[in-house]
Amino acid sequence: MAESGGPTAGTDGGGTAEADIAGSSGDAPLVPSRFVGTALFVLFLQFALIASLLSPLPVPSVEVLSFSALGLSFVAALLVGADAYRTDRDETVDWSPNPFLWAIPMFFPLLGFGLGVGQTLGIPLGVGIAYAVRRFQTQRRGFETLWQWPAVGAGVFSGAGFGIISVAVTTSGGLTPSLVGVLLVASVLFGFTTPATYYDTQHVRRQLAADGDDWLFRGYHWVVAMSLPLPLRSLVALAYALRRWMLLNPGGFFWSKADPAEGDDDNS
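Predicted, not measured: the structure shown is a model, and the values here were computed from it.

Turning to the pattern of salt bridges, a few remarks are in order. Evaluation of the coordinates by the stated rule reveals 3 salt bridges. The closest approach of N and O atoms between Arg135 and Asp83, which form a salt bridge, is 2.9 Å. Taken together, the residues Arg135 in helix H6 (residues 123-137) and Asp83 in helix H3 (residues 59-88) connect sequence positions 52 residues apart. Taken as a pair, Arg135 and Asp83 share a single burial class, namely buried. In this structure, Arg244 and Asp200 form a salt bridge, with 2.7 Å as the shortest nitrogen-oxygen distance. You can see Arg244 sitting in helix H10 (residues 233-248) and its partner Asp200 sitting in helix H8 (residues 177-210), a full 44 residues away along the chain. No difference in accessibility class separates Arg244 from Asp200, as the two residues are buried.

Structure below.
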């Protein structure tokens, strides 16, 4: 998620430098603010309503739950946007989140219900969790590599979930209650993957820059690749984990930074 730059952040505002994290308070609360806590509660409630909507219900109940779930999108957008706005202007927090970029994903259920795109229904909860984790990270020391395995794991499992749905729907022609659960969980992980991958690429970029190296396209091509709602994203996530390891461990088992062949590497 691109943000406006802070005093020590990059031009895209992506990262809090390790020195800044090291200077943060170890006594910071688990939930950074009341806005974040309330937003997470609203998003979990919306997720429960959406799960209920995908199960057989009488028409009046469907209408009530639909309006309730969609209305919560506006509430969540206001809460997340307000916290991002306050954080951007808080000089004690070295992070400048863009309120609009964090608030817009809260409206994805409208797209899901309108176009029948089930992959979008859990995105608000996934993005909300990523926002809360990012706020937590900026207040605690020792969490520089926090995003690596969450990003990879969310990419692998969400891709696997979408694969299961694709095969099952093709075979049976419909969604069973268990498949609905798989779809919603995969959708939440899908929403979490993009910001998690973005912040992990910022950490890799800083590590490479410290060694005088750079990364092709600044790593954004991996963020885009990990944002595709396809079963293939499981393989993309594993490829990202391997490439990340290769970049940060140039003296690996089968290659060395001193090898002639490595001199032409484009750090893709």
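Here we take up the packing of H8 against H10. Remark: H8 packs on H10, axes separated minimally by 11 Å, with the N-to-C direction vectors making an angle of 15 degrees. By the angle between their axes, H8 is roughly parallel relative to H10. Considering how the two elements wind past one another, H8 and H10 form a crossing that is left-handed. Contacts from Phe190, Thr193, Thr197, Asp200, Thr201, His203, Val204, Gln207 and Leu208 in H8 reach Arg233, Tyr240, Arg244, Leu247 and Leu248 in H10.

Let us now look at the packing of aromatic side chains. Taken as a whole and assessed by the stated rule, the structure comprises 11 aromatic pairs. Note on Trp95 and Tyr199: the rings are 6.4 Å apart at their centroids and 75 degrees apart in plane angle, and the pair reads as edge-to-face. One end of the pair, Trp95, is in the loop between H3 and helix H4 (99-103); the other, Tyr199, is in helix H8, with 104 residues separating them in the sequence. The exposure class of Tyr199 is buried, given its relative accessible area of 3%. Ring pairing ties together the aromatic residues Trp95, Trp102, Tyr131, Trp147, Phe192, Tyr198, Tyr199 and Tyr220, which thus form one cluster.

To continue, consider a nonpolar patch on the surface. A surface patch of nonpolar side chains, about 490 Å² in accessible area, is lined by Leu228, Leu230, Leu232, Leu235 and Leu238. Within the fold, Leu228 resides in the loop between helix H9 (220-225) and H10. Among the residues examined, Leu228 registers a relative accessible area of 43% and is labelled partly exposed.

With respect to the helices and strands, the residue Gly81 is situated in helix H3. A relative accessible area of 12% means that Gly81 is categorised as buried. With near-sequence residues (within four places) excluded, Gly81 lies in contact with Pro99 and Ala103.

With that settled, consider the side chain of Gln46. If you trace the backbone, Gln46 turns up in helix H2 (residues 34-53). On the basis of relative accessible area, Gln46 is assigned to the buried category, the value being 3%. Not counting residues within four places of it along the chain, the set of residues in contact with Gln46 comprises Ala69, Leu72, Ser73, Pro109 and Pro124.

About the thresholds
- Residues numbered from 1 in each chain as written.
- Predicted model: local features only at pLDDT ≥ 70, side-chain atom pairs only at ≥ 80, totals over all residues.
- Heavy atoms only, no water.
- Salt bridge = Lys/Arg side-chain N within 4 Å of Asp/Glu carboxyl O.
- Helix = DSSP H or I, 4+ residues; strand = E, 2+ residues; numbered from the N terminus.
- Buried < 20%, exposed > 50% of the residue type's maximum accessible area, 1.4 Å probe, protein only.
- Axes fitted to C-alpha atoms, helices over the stretch in contact; angles between N-to-C directions.
- Parallel < 35°, antiparallel > 145°, perpendicular 65-115°, else oblique.
- Left-handed = near helix turned anticlockwise from the far one by under 90°.
- Contact = heavy atoms within 4.5 Å.
- Phe/Tyr/Trp six-rings, centres within 6.5 Å; stacked < 30°, edge-to-face > 60°.
- Patch = residues over 30% accessible without salt bridge, like charges linked within 9 Å, V, L, I, M, F, W, Y side chains within 5 Å.
- Areas by Shrake-Rupley, 256 points an atom, 1.4 Å probe, with all protein chains shown as cover.

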